[in-house]
Structures are given as C-alpha cells and as structure tokens.
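# Survey of secondary and tertiary structure
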Amino acid sequence: MQTYLRGKDMITTQDWTKSEIDSVMEVAMELKRARAMGKPHAHLRDKVLAMLFFFSSTRTRSSFEAGIAQLGGHGAFIDSTTTQISHGDTAKEIGEIYGRYYDGIAIRQCDWGIGNKYINAVAEASRVPVLNMQCDVYHPFQILADLMTIIEHKGDPRGKTIAVSYAYASSYQKPLSVPQSLILLMTRYGMNVRLVRPPEFKLMPDIVQQAADNAKQAGGSFEIMEDMDEGFAGADVVYPKSWGCWMTTEDEAESVEIGKKYSDWICDERRMSLAKDDAIYMHCLPADRNIEVTDGVIDGPQSVVYDEAENRLHVQKAVMALTMS
Ligand code: CP
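Rules used throughout
Residues numbered from 1 in each chain as written. Predicted model: local features only at pLDDT ≥ 70, side-chain atom pairs only at ≥ 80, totals over all residues. Heavy atoms only, no water. Pairing = 2+ DSSP bridges. Helix = DSSP H or I, 4+ residues; strand = E, 2+ residues; numbered from the N terminus. Axes fitted to C-alpha atoms, helices over the stretch in contact; angles between N-to-C directions. Contact = heavy atoms within 4.5 Å. Domains from an automatic or database assignment. Buried area = accessible area lost by both parts, 1.4 Å probe. Salt bridge = Lys/Arg side-chain N within 4 Å of Asp/Glu carboxyl O. Polar contact = N/O pair within 3.5 Å; in protein donor to acceptor, adjacent residues only side chain to side chain. Nonpolar A, V, L, I, M, F, W, Y, C, P; charged D, E, K, R; others polar. Parallel < 35°, antiparallel > 145°, perpendicular 65-115°, else oblique. Left-handed = near helix turned anticlockwise from the far one by under 90°. Expected span 1.5 Å × (residues − 1). Buried < 20%, exposed > 50% of the residue type's maximum accessible area, 1.4 Å probe, protein only. Arc of directions from axis to C-beta.

Right, let's get into the sheet that holds strand 4 (residues 130-135). Pairing is parallel in the open sheet, where four strands are placed in the order 2-1-3-4. Taken across any chain shown, the strands that pair with only one partner, and hence form the sheet edges, are strand 2 (74-79) and strand 4. The sheet shows a mean angle of 15 degrees between the axes of neighbouring strands, direction not considered. Across the face of the sheet, helix 3 (residues 91-101) comes into contact with strand 1 (48-53), strand 2 and strand 3 (104-109) while running at roughly 140 degrees to strand 3.

By domain assignment, the chain separates into domain 1 (13-139 + 312-324) and domain 2 (142-308). Computed from C-alpha coordinates alone, the two centres of domain 1 and domain 2 are separated by 25 Å. Each side of the interface is counted separately: domain 1 has 26 residues, and domain 2 has 30 residues. Between domain 1 and domain 2, the buried area comes to about 2,400 Å², and carbon and sulfur atoms account for 62% of it. For the domain 1 face of the interface with domain 2, the top three residues by lost area are Gln14, Trp112 and His139, together amounting to 29%. Seen at the junction of domain 1 and domain 2, the total is one salt bridge. Applying the counting rule to domain 1 against domain 2 returns 15 residue pairs in polar contact (both at pLDDT 80 or more). Those elements giving two or more residues to the side of domain 1 that touches domain 2 turn out to be helix 1 (18-36), strand 4 and helix 12 (305-324). Top element by residues in the side of domain 1 that touches domain 2 is helix 1. It accounts for eight residues. Considering only residue class, the side of domain 1 that touches domain 2 consists of 14 nonpolar, six polar and six charged.

The subject of this paragraph is the packing of helix 5 (residues 140-154) against helix 12. The interhelical angle for the contact between helix 5 and helix 12, taken along N-to-C directions, is 115 degrees, at an axis separation of 8 Å. One element, helix 5, and the other, helix 12, form an angle in the roughly perpendicular class. As for how helix 5 packs across helix 12, the hand of that crossing is right-handed. For the pair helix 5 and helix 12, the contacting residues are Phe141, Gln142, Leu144, Ala145, Asp146, Met148, Thr149, Glu152 and His153 in the first and Asp307, Glu308, Asn311, Arg312, His314, Val315, Gln316 and Val319 in the second. Residue composition of the contact of helix 5 with helix 12, by class: six nonpolar, six polar and five charged.

Here helix 2 (residues 59-70) is 12 residues long and its end C-alpha atoms lie 16 Å apart, about the 16 Å a rise of 1.5 Å per residue gives. Here helix 2 has its buried residues at Thr60, Ser63, Phe64, Gly67 and Ile68. Seen from one end, helix 2 has its buried residues packed into an arc of 120 degrees, which puts them on one side. In this structure, the buried residues of helix 2 make contact with strand 1, strand 2, strand 3, strand 4, helix 5 and helix 12. One or two steps after helix 2, the chain reaches glycine 72, where phi turns positive at roughly 95 degrees.

The residue histidine 139 is located in the loop between strand 4 and helix 5 in this model. Not counting residues up to four positions away in its chain, the partners in contact with histidine 139 are Thr60, Arg108, Met133, Gln134, Ser177, Val178, Ser181 and Arg312.

Put into structure tokens, the structure is as follows:
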C-alpha cells in the first residue's frame, strides 16, 4: 500500500507505478464499502476541487461532484465557455490562479492535438494536483473504473483475455482516449490484450508501443487484430466501442465516409456468443444503441456497464483522497 501520493497528478496511469495503482484499487474498494454501509468518510473536509469542462459530460461531472461532496469537500463546476479562457487566460494562468484557490484542478479537454498538451501545461503551473477528466489521448479515471470492474467480476486480471475492439458509430468522431488508456493499463495487469480494429482506425504509435512494452514486462500479451469475430473468440472481457480514425484523417466528413465501410462492426448476440460463456460486456458509455451494440447485449445478463459507471465514483474518490488530502 502506497501511503504518500499527496500532490500527485493523474494525467495518465502510465505516470503511476503498479503499486500506486494497486493502492487506488484498495482505497476505492474501501470507500465503496463505506458508502454501502452508510459510514461517513469525510477525508477531504473543506477541500475544493475545480472541475473545468471544455466538453459535455454525464458521468464524469456527476461522479466527481458527488464524490468530492461525499468526501466532505465541494466541487466547483466550471464550463470553460463561461470563463475568460477564450479572451486570453492561458493554461499557465489557469494553473497558477486556480492552484491558489482550489485544492485540486480536474479538467476535461478532448480537442485533438490540444487537450493533453493543455492539461500538462496547467499541471506544470499548478501547485495542486491536476486530474485528467479525459483528453484527446487518455481517459485515466474511466480505465481505473474499468479495472476495478474487471477485478470485481473476474478476480485477478492476470491471464484473462480482453478484446478492446472498434465498433461502428455514426454520432461523431470520438477520441482515442478510452481504447488507448485500456491497452496501456490492462497490459500492466498481465491481461492478454487484443486490440481489434479496421486498418484506418489505428491508435497512436507510441501508445501502441508502450502497451506492447507493458505486456512484455507484466507477462501478458498484446496483439493487434483486424477481424472483430476473431478478436471476440474465447475472450473473457469484450470492450467494443467506437473511436474516430484520427490517425488517418482529421476531416469529420471523410471520417464519416470511412466509418460507413465498417457499419457491420456491431456487438450483437451472435458476436457475444463467440466469447466465453461467462464473458462480460463493457462500455464506458454513452453508446450508440443498436449501432455500436444491440439493446439485447447492453441490457443483457453479460453487461456490466452500470457497474463501470458506478465505479467511476469510487476510483475518483480514492484518487482525490490520496492526492488532495
Ligand atoms: N464515460 C464517460 O466519460 O462519460 P461522460 O462523457 O458522460 O462523462
């Protein structure tokens, strides 16, 4: 158990040791139990978290806001469009100034090529921990919640097979942050990670290389596949979700056209039957229902999507309690 994480940023799980992430899991489980038992756990009394959003959210905003309140503190929701950022406040100014008002700064900035750089620039100027609520590259709190959910449903992740698969969606060119964070963290926990995607839907090469290195170090495996059925075959965990073909084009219209070629990349009952009988279906939500996944699968007995959403609350409380106290 790591006991000194005070002041540490959470921008990517890659910056945290395995032992530190194990500590997050332990504390998250403890806080989940405390909440279930109605036991007060005000570890962050009088602490205030800035929650700066450049992009919409259902789960992230609510779970951070509820989480900091349950810890005895307060979450200040800040819609970036209501600030002076568009009139010139720089990342350095946000880091310096918010760092003097607040005890932590959480940011969601998903713009391609901008979000991760922005969050790092704020962190550089901030005296308090910066928490990445999702950028163009990483979504660390989603993936910590996913790890907790896998442990709860499958026990030790080591040796289990997860298919991190592209699925078609028509809504918008989604960030790479979820699949990238998944392949980075699950390889560190010794899982056999299959990245399954059409050729135009590659992830960032340096992230893919880090995932391969993680797998080698942890004793699991990492492979890239281009057939969704093969990816699902015999898997313990399937995580099919849409992402944009950012490495192929940044043009939204072109991306929509490319995506249409893969409209049969859906998670349906036939595909679920290729995975193990007790396989779990995961999705960070929101999902394009009956496009990415059928109602039958997402609402079916193998789906753990609401456990994942709930665990956002517990892992975020754990990281806040460990870093902001
Ligand atoms: N999964 C997730 O981050 O959900 P929101 O976009 O609703 O926050």
